[in-house]
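# Architecture and fold: a report
Each chain is listed here by its residues.
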Amino acid sequence: MAESDRTGGILTIDLGAVAANWRLLRDRAAPAECAAVVKADAYGLGMAEVAPALAAAGCRVFFVATLDEGIRLRSVLSARATGAEFPPPAAPTIFLLNGAPRGYEAELLQYGLIPVLNGLADVAAWGLLASMLGATLPAALQIDTGMSRLGLPPDELALLDGEPQRLEGTGVILLMSHLACADDPAHELNRRQLDAFSAARRSWPGVAGSLAASSGLFLGPDWCCEMVRPGAALYGVGPVPGSENPMRPVVRLTARVLQVRQIDSGAAVGYGATYRAGAPAVIATAAVGYADGYLRALGNRGAGCLGGHRVPLVGRVSMDLITFDVTEVPSELVHPGAEIELIGAASDVDAVATAAGTIGYEILTSLGKRYSRTYLSAQT
Ligand SMILES: *Cc1c(COP(=O)(O)O)cnc(C)c1O
């Protein structure tokens, strides 16, 4: 009996592949600095394991979304420092993409977290804390160049230009913006946003700029500026949809077979009887369901791989179970305890996402908490 026998699904996360992906992106973006986005528990893969692997690979700058994520990341990364190195390496820089929650600004200082200021109100709140402390506090400033999500719109930027005292006490160390359509290299907004960003940067000579995430990094060196901020590509998601994925796969997911049954032609499979066998068939029931983040949209659309054979998912996805047509698989491979691969070489994260009508990001961040998780260390 292995520990993993206690669960229905087995998730293997290759930290060596995460580190290799970071190095590939770093080399591609050089001389720009390559940061890493580890928000949402490193896209569902586990920040506590992923962030130290990235730091060991040489990553010095991290982005998370929220204050709580930042506090957790700081603790994860400082636990890694052994004290054996001399001189001690500088503490990694951590930016909070969603900024400082109002009223909690001082907590950022306590944990050495740097806010992304997304509007004049953020700038004022950060400046107020600075003046109370009589200090200059570092911050990133995000400007909205056409996505209309976060960041200073052009009118707020013009106000700052005219009234630079608004920035008193704030040391802007990074000017950033975010691309709306970087996964579509032909989209005209990519150039428009770069032009708007470049124009805005003229008021900030000497301040580092950051525009590109995973896909933007592949638009070309102009978009890389001084720092890139990839997330998804680190975790194996293809950065340029429709072209070959240069990233190493990170995630493998298998589901354990609980039961195998023969059914007659015309028999129904699963809730709603949405599938009916067209001929006598063999059905394997495996112990993963939508409660594990295996999306219900994959009913009658997903597939698995059993001993190198593609097996279509038939019927609906239940909360804890899925059913596969394994009729074509040699019977010695089909037995309780056998593992059916759901994400892996035969069907990567992007392929599963396409079958579910979504993107790889959502497949990863949905990965459930019930799986037995194995981390392959970066050294192996
Ligand atoms: C999530 C996020 C990223 C990382 O994006 P990927 O597409 O996963 O590389 C970078 N910048 C911002 C502002 C983000 O919100």
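Residues numbered from 1 in each chain as written. Predicted model: local features only at pLDDT ≥ 70, side-chain atom pairs only at ≥ 80, totals over all residues. Heavy atoms only, no water.

Moving on, we come to the site of the ligand. Taken together, 13 residues are adjacent to the ligand, and Lys39, Tyr43, Ser214, Gly231 and Tyr361 come closest. Side-chain polar atom of Ser214 to an oxygen atom of the ligand: 2.5 Å apart, as the coordinates give it. Within the side chain of Arg229, an N or O atom sits 3.0 Å from a nitrogen atom of the ligand. Contact with the protein chains removes 90% of the 390 Å² of surface that the ligand exposes when unbound. (Near = heavy atom within 4 Å. Polar contact = N/O pair within 3.5 Å; in protein donor to acceptor, adjacent residues only side chain to side chain. Areas by Shrake-Rupley, 256 points an atom, 1.4 Å probe, with all protein chains shown as cover.)

What follows is about the pairing of strand E7 (residues 137-142). The buried fraction of E7 amounts to 5 of the 6 residues, a majority that puts the element mostly inside the structure. Here 2 bridges tie strand E6 (residues 113-117) to E7, and the two strands are oriented parallel to one another. Considered in E7, the bridge of Leu117 is made with Leu141. Once the chain exits E6 it traverses helix H6 (residues 120-133) before rejoining the sheet at E7, and the crossover so formed is right-handed. Across 6 bridges, the pairing between E7 and strand E8 (residues 170-176) is parallel. Within E8, the residue paired with Ala139 across the bridge is Val172. (Buried < 20%, exposed > 50% of the residue type's maximum accessible area, 1.4 Å probe, protein only. Helix = DSSP H or I, 4+ residues; strand = E, 2+ residues; numbered from the N terminus. Pairing = 2+ DSSP bridges. Right-handed = clockwise from strand over helix to strand, strands pointing away.)

Inspection of every chain in the model, using the stated rule, returns 13 salt bridges. The partner of Asp222 in a salt bridge is Arg191, with the nearest N and O atoms 4.0 Å apart. Of this pair, Asp222 sits in helix H9 (residues 221-224) while Arg191 is found in helix H8 (residues 188-201), placing the two residues 31 residues apart along the sequence. Exposure remark for Arg191: the relative accessible area of 40% places this residue in the partly exposed category. (Salt bridge = Lys/Arg side-chain N within 4 Å of Asp/Glu carboxyl O.)

In this fold, Asn190 is placed in helix H8. What Asn190 contacts, discounting residues up to four positions off in sequence, is Leu179, Cys181, Ala182, Asp184, Pro185, Leu219 and Trp223. (Contact = heavy atoms within 4.5 Å.)

For any two helices packed against each other, one specifies the inter-axial angle together with the distance between the axes. Where helix H1 (residues 15-29) contacts helix H3 (residues 47-57), the two axes come as close as 9 Å, and the packing angle between them is 45°. It follows that H1 is oblique to H3 by the angle criterion. Where H1 crosses over H3, the two elements pack in a sense that is right-handed. Of the residues in H3, those in contact with Leu15, Val18, Ala19, Trp22, Arg23 and Arg26 of H1 are Glu49, Val50, Ala53, Leu54 and Ala57. Considering only residue class, the contact of H1 with H3 consists of 8 nonpolar, no polar and 3 charged. (Axes fitted to C-alpha atoms, helices over the stretch in contact; angles between N-to-C directions. Parallel < 35°, antiparallel > 145°, perpendicular 65-115°, else oblique. Left-handed = near helix turned anticlockwise from the far one by under 90°. Nonpolar A, V, L, I, M, F, W, Y, C, P; charged D, E, K, R; others polar.)

To continue, consider the domain arrangement of the protein chain. You can read the domains of the protein chain as domain 1 (31-235) and domain 2 (251-376). Centre-to-centre separation of domain 1 and domain 2, based on C-alpha positions: 39 Å. Taken residue by residue, the interface counts 9 residues in domain 1 and 8 residues in domain 2. Summing both partners gives a buried area of about 740 Å² for domain 1 against domain 2, and 62% of it is carried by carbon and sulfur. Of all residues in domain 1, Tyr43, Gly44 and Leu45 bury the most surface against domain 2, accounting for 54% of the area lost on that side. (Domains from an automatic or database assignment. Buried area = accessible area lost by both parts, 1.4 Å probe.)

Moving on, we come to the environment of Arg373. Tracing the backbone shows Arg373 in strand E19 (residues 372-376). Remark: the alpha-carbon pair of Arg373 and Gly46, spanning 327 residues in sequence, is separated by 9.7 Å. Excluding residues within four positions of it along the chain, Arg373 makes contact with Leu11, Ile13, Gly44, Leu45, Gly46, Leu367 and Gly368.

Our next topic: the environment of Leu152. Structurally, Leu152 is set in the loop between E7 and helix H7 (154-162). For the pair Leu152 and Ile343, spaced 191 residues apart in sequence, the C-alpha separation works out to 40 Å. Sequence-distant contacts of Leu152, that is, excluding residues within four places in its chain, are made with Leu117, Asn118, Gly119, Leu120, Leu141, Gln142, Ile143, Asp144, Leu157 and Leu160.

Throughout the structure, instances matching the rule amount to 3 aromatic pairs. With centroids separated by 4.9 Å and ring planes inclined at 40°, the aromatic side chains of Tyr43 and Tyr235 adopt a geometry described as tilted. Pair noted here: Tyr43 is in helix H2 (residues 39-43) and Tyr235 is in the loop between strand E10 (227-228) and strand E11 (251-263), with a separation of 192 residues, a long-range link. Exposure class is identical for Tyr43 and Tyr235. Each is buried. Judged by centre distance (5.0 Å) and plane angle (20°), the rings of Phe63 and Phe95 are stacked. Taken together, the positions of Phe63 in strand E4 (residues 61-64) and Phe95 in strand E5 (residues 93-96) put the pair 32 residues apart, joining distant regions of the chain. By relative accessible area, which is 0% here, Phe63 ends up buried. A relative accessible area of 2% means that Phe95 is categorised as buried. What links up through ring pairs into an aromatic cluster is the set Tyr43, Tyr235 and Tyr361. (Phe/Tyr/Trp six-rings, centres within 6.5 Å; stacked < 30°, edge-to-face > 60°.)

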